[in-house]
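Spelled out, the chains give:
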Amino acid sequence: MPAEKRIRVLIAKPGLDGHDRGAKIIARALRDAGMEVIYTGLRQTPEMIASAAVQEDVDVIGLSILSGAHNTLVPQLLELLKQKGMGDVTVLLGGTIPEADISGLKKAGVAEIFLPGTSTQDIVDFVKNRAAK
Amino acid sequence: MPADRQPTPRPAAGEKPPERAPEFTTVSGYPIRGLYSPADLSGHDAARELGLPGAPPYTRGIHPAMYRSRLWTMRQFAGFGSARDTNERFRYLLTQGQSGLSVAFDLPTLMGYDSDHSLSEGEVGKCGVAISSLADMEALFDRIPLGSVSTSMTINSPAAILWAMYLAVAEKQGVDWKLLSGTLQNDILKEYIAQKEYIYPPKPSMRLVIDTFEFAARHTPKFNPISISGYHIREAGSTAIQELAFTLRDGIEYVEWGVRRGLAVDDFAPALSFFFNAHNDFFEQIAKYRAARRLWYKTMTERFGAKLARSSALRFHAQTAGCSLTAQQPYNNVVRTAVQALAAVMGGAQSLHTNSLDEAWALPTEFAATLALRTQQILAHETGVANTVDPFGGSYFVETLTNEMEEAARKYIRKIDDLGGMIAAIEQGYPQREIADAAYRYQVSVDRKEKIIVGVNAFAGEETPIEILRIGESVREEQTARLGKLRAERSNDEVARQLASLRLAAQGTENLMPHIYSAVKAYATLGEICDALREVFGTHEEASVT
């Protein structure tokens, strides 16, 4: 049986926000679903996240932002990823994201935004389906 | 089977009626029996374990008449944008009947960065008000008389500095510090455990906290230099028992450090205050507050030999659970908040914040913030629950649950004692792991629909977006301009002198409050003062527990 390459996910907390309950739960759920998960810890700049993504050669980056800083930090990260040749990485976002900001963030390159109330299974399924493409 | 499709159970003749679930647990997962009766309280000495409100062990309340004498303080947490924006919201809430102020600061302020720091980009004014200097603090309290309004400030790592700014504003208003009433959150231990707004490592952070205890005991007898908090521990996903246990064990750590500093317990313990969550499970909250009072009384008298009544009577602020608010069907949150607030009142809270319906999406609009305040006013004036003290006292259920929660909390406290105390436990990742595990267990139960969240995993439907508060990037621009002006107009020599003196003092053991106060009055910025301390204390990095 061919060895299946495990999906590699970076879970990151950009900016000053210290609310890590959701990020840690997602990290654990993805790990339980068989993925390789690296959690960056708190207070990561976009530069630190982009560097970690390159270093860890991840397929997916999950960002958690509850601080309202998403419209500043996410585009910065997406730009850095492009510059580092990581433009193909799937970028996901969760946290406190107003409805009105969703389309702008998706246009900028976020693959999907998961609002409060999302089940962990929905996120696992999304990542697996995305990887299968 | 989804909750909205259950059949009505029909028992066969002579059989006990089947129940809706194989077991019933609180939101925290604590098992609850079908019926509580006198047998559950056999051996329970009500005279000793309950007593009267206002008398040891304070289970029934810390004052004899509680809300019959004075309603709880309606203290709504508020803050966003610039000091001017928040000042306007403060003055509005005061005209609407709020009885005390509570300041929410933005993330840069919470983390000791000025609004124009590179790490502040995108964050200024978004989660609270941006305060970078005494000038901002003066604007924040413009036309608010600090001698007659009490203020709570939710600030932790830089608490001593924001407090110094507040004291400086009071001095400018001509208010005697002995009259100043309020609270500083200033509970650094729970930052390492849950809220994660730490800057410095534990030991120098504790030194700063004890400096504030000492300073408050001498200069501001009506000001609580600390609000020992469980709210954030619960928000991070702990159970109610963990919230109770970790909070009181944090309290024990602070008292130990105060005593080690040479302070007499009765000189500083009366000023310690607490802050608990008011989550969805109604009776679990009430039992938690009652257990907290009794356990703190026993701890302060037995463990620390406190003699004054005020040293062992636990005073607490409560906030309804932010983590229970849903983005879906946000008007449901009004109901959640009302029930949670009711629990806090039934549990004898001294002050209360009620969340707004839109807070899963953004900071509250004026409309939502007003409705949250009205919720408290309706409870106070229309429901009758404030007419008598501890209405659930004597309930077989509530007294049994109170006893059980006290006992369960004691087990955790003993465990943390065995680990070497709370700082040692934090360094070993113990409370953090307990919380992460509890949070994950809860999420699994929600995903499996074992725990129902109305509008989310049951009774969901078409969503209609609501209007929310938007905070633009102009606050950072305005703040940057203000800081430029401040740095141009103040004496930079004086600031440099003050910071040098602070750095020197920080390397020793003297109380830093007078130094911080002088620096603040010279218009040294928050960032400059915090950086001076960063140089001496270093910064803390956590080893993440997922």
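What comes next is a walk through the structure. (Residues numbered from 1 in each chain as written. Chains lettered and ligands numbered in written order. Predicted model: local features only at pLDDT ≥ 70, side-chain atom pairs only at ≥ 80, totals over all residues.)

## Remarks on unusual backbone geometry
All names here are of chain B.
No. 1: With an omega of 0°, the peptide bond running from P56 to P57 counts as cis.
No. 2: Notably, M66 is not glycine yet its phi reads approximately 40°, a positive angle.
No. 3: With respect to the element layout, M66 can be found in the loop between helix 1 (46-49) and strand 1 (73-78).
No. 4: In this structure M66 comes out as buried when scored by C-beta crowding, with 21 C-beta atoms within 10 Å. (Helix = DSSP H or I, 4+ residues; strand = E, 2+ residues; numbered from the N terminus. Buried ≥ 20, exposed ≤ 12 C-beta atoms within 10 Å, placed from the backbone.)

## Some thoughts on the pairing of strand 8 (residues 316-320) of chain B
Residue and element names in this part refer to chain B.
No. 1: Buried residues dominate strand 8, accounting for 5 of its 5 residues.
No. 2: On strand 8, burial covers both faces: F316, A318 and T320 on one face and H317 and Q319 on the other are all buried.
No. 3: As defined by bridge partners, strand 7 (residues 272-278) adjoins strand 8 across 5 bridges and the pair is classed as parallel. Considered in strand 8, the bridge of A278 is made with T320.
No. 4: Sheet topology places strand 8 next to strand 9 (residues 351-353); 3 bridges connect them, and they run parallel. (Pairing = 2+ DSSP bridges.)

## Structural notes on the sheet that holds strand 4 (residues 90-95) of chain A
All names here are of chain A.
No. 1: Ordered by their spatial adjacency, 5 strands build an open sheet running 2-1-3-4-5, and the pairing between neighbours is parallel. The sheet is open, and its two borders are formed by strand 2 (36-39) and strand 5 (112-114), each paired with just one other strand. The mean angle between the axes of side-by-side strands here comes to 20°, regardless of whether they run parallel or antiparallel. (Axes fitted to C-alpha atoms, helices over the stretch in contact; angles between N-to-C directions.)

## Looking at the interface of chain A and chain B
Often, the extent of an interface is quoted as the loss of accessible area upon association of its parts.
No. 1: Counting residues at the interface gives 27 residues for chain A, matched by 32 residues for chain B.
No. 2: Sorting the residues of the side of chain A that touches chain B by element identifies helix 1 (21-32), helix 3 (70-83) and helix 5 (120-132) of chain A as the ones contributing at least two each.
No. 3: With 5 residues, the single largest contributor to the side of chain A that touches chain B is helix 1 of chain A.
No. 4: Here the residues of the side of chain A that touches chain B are counted per class, giving 10 nonpolar, 11 polar and 6 charged. (Contact = placed C-beta atoms within 7 Å. Nonpolar A, V, L, I, M, F, W, Y, C, P; charged D, E, K, R; others polar.)

## Some thoughts on the sheet that holds strand 7 of chain B
Residue and element names in this part refer to chain B.
No. 1: Here we have 9 strands laid out as an open sheet, ordered 5-4-3-2-1-9-8-7-6, and parallel in their pairing. Looking at the sheet topology across the chains shown, the edges are occupied by strand 5 (223-224) and strand 6 (226-229).
No. 2: Bridge analysis of strand 6 against strand 7 gives 4 bridges, and the strand direction is parallel. Bridge pairing in strand 7 links S227 to S273.

## Some points on the environment of L140(B)
All names here are of chain B.
No. 1: In this structure, L140 sits in helix 4 (residues 134-140).
No. 2: Overall, L140 belongs to the buried group, with 26 C-beta atoms counted inside 10 Å.
No. 3: L140 sits 54 residues away from T86 along the chain, and the two C-alpha atoms are 6.6 Å apart.
No. 4: The contact partners of L140, leaving out residues within four places of it in the chain, are A83, T86, N87, V129 and I131.

## Details of the packing of helix 7 (residues 202-219) of chain B against helix 9 (residues 240-261) of chain B
All names here are of chain B.
No. 1: Running from N to C, helix 7 and helix 9 cross one another at 70°; their axes reach a closest spacing of 10 Å. When the axes of helix 7 and helix 9 are compared, the pair comes out roughly perpendicular. Residues M206, V209, I210, F213 and E214 of helix 7 pack against Y254, W257, G258 and R261 of helix 9.
No. 2: Each residue belonging to the contact of helix 7 with helix 9 can be placed in one class, and the counts come to 6 nonpolar, 1 polar and 2 charged. (Parallel < 35°, antiparallel > 145°, perpendicular 65-115°, else oblique.)

## Quick look at the environment of L363(B)
All names here are of chain B.
No. 1: Within the secondary structure, L363 is located in the loop between strand 9 and helix 14 (366-382).
No. 2: The spacing of L363 and F80 is 283 residues in sequence and 7.7 Å in space, taken between C-alpha atoms.
No. 3: Setting aside its immediate chain neighbours within four residues, L363 contacts F80 and L469.

## Side note on the environment of E171(B)
No. 1: Along the chain, E171(B) turns up in helix 5 (residues 159-172).
No. 2: When the C-alpha positions of E171(B) and L146(B) are compared, they lie 9.6 Å apart, and in sequence the two are 25 residues distant.

## Topic: the packing of helix 3 of chain A against helix 4 (residues 99-108) of chain A
Residue and element names in this part refer to chain A.
No. 1: Axis separation between helix 3 and helix 4 bottoms out at 10 Å; the angle between their running directions is 10°. In terms of orientation, helix 3 lies roughly parallel with respect to helix 4. Crossing of helix 3 over helix 4 shows right-handed handedness. Packed against helix 3, whose contacting residues are H70, N71, V74, P75 and L78, the element helix 4 presents D101, L105 and A108 at the interface. (Left-handed = near helix turned anticlockwise from the far one by under 90°.)

## Quick notes on helix 2 (residues 46-56) of chain A
For an α-helix, the turn length of 3.6 residues means that residues three or four places apart are oriented alike.
Residue and element names in this part refer to chain A.
No. 1: For helix 2, the set of buried residues is P46, I49, A50 and A53. End-on view of helix 2: buried residues confined to an arc of 100°, all on one side of the axis. Turned more than 90 degrees from where helix 2 packs its buried face, E47 and Q55 sit exposed.
No. 2: After helix 2 finishes, the residue D57 shows a positive phi value of roughly 50°. (Arc of directions from axis to C-beta.)

So, to be careful, I would describe these as geometric facts and stop short of saying anything about function.
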